[in-house]
Amino acid sequence: MRLACHFFAIILLTLPGVATALEPEVQAAKDEGMRLYGLGISGEIIPYLEPAAEAGDMEAMYYLGGASASSYGPDRGGHGMVSPGR
């Protein structure tokens, strides 16, 4: 029983690392998107980060969401956030 618990714990600890491994092309695109974000060119990162976000990369999802929100905000001609009552 103790061995089974250790085995189960090892599997749970290694699964996140396996699930977040990106293909080399997707990782390269993500790296380029992150480089552009670091330079303040967030409007151009969307096509670079989308493949990584679709593959389940949480960091890409975070920055992609931030770039999407800033490019569609009320001061950028978009709709911005709408409260539930409207």
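Residues numbered from 1 in each chain as written. Predicted model: local features only at pLDDT ≥ 70, side-chain atom pairs only at ≥ 80, totals over all residues. Heavy atoms only, no water.

Asks: Is there a simple way to think about the overall build of the chain in this case?
Replies: Scanning the chain from N- to C-terminus turns up 4 helices and 0 strands. For the chain, the α and β elements follow one another from N to C terminus as α-α-α-α. For the chain, with 86 residues in total, the buried portion stands at 17%. At a minimum sequence separation of 6, the contacts of the chain that also span at least 24 residues come to 30%. (Helix = DSSP H or I, 4+ residues; strand = E, 2+ residues; numbered from the N terminus. Buried < 20%, exposed > 50% of the residue type's maximum accessible area, 1.4 Å probe, protein only. Contact = heavy atoms within 4.5 Å.)

Asks: I keep staring at the pattern of salt bridges and nothing clicks. Help me out?
Replies: Charged atoms that come close allow side chains of opposite charge to pair. Scanning the model with the defined rule gives 3 salt bridges in all. Across the salt bridge formed by lysine 30 and aspartate 57, the nearest N and O atoms sit 3.2 Å from each other. One end of the pair, lysine 30, is in helix α2 (residues 24-38); the other, aspartate 57, is in the loop between α3 (46-54) and α4 (58-71), with 27 residues separating them in the sequence. The class for lysine 30 is buried, based on a relative accessible area of 7%. With its nearest N and O atoms 2.8 Å apart, the salt bridge here joins lysine 30 to glutamate 59. Of this pair, lysine 30 sits in helix α2 while glutamate 59 sits in helix α4, placing them 29 residues apart in sequence. Glutamate 59 gets classed as partly exposed once you look at its relative accessible area, which sits at 40%. (Salt bridge = Lys/Arg side-chain N within 4 Å of Asp/Glu carboxyl O.)

Asks: Please explain α3 as it appears in this structure.
Replies: Since there are 3.6 residues in each turn of an α-helix, residues three or four apart along the chain are aligned in direction. Every buried residue belonging to α3 is among Leu49, Ala52 and Ala53, and all of these are buried. All buried residues of α3 fall inside an arc of 100° around its axis, so they share one side. In this structure, α3 carries Pro47 and Glu54 as exposed residues pointing more than 90 degrees from its buried face. (Arc of directions from axis to C-beta.)

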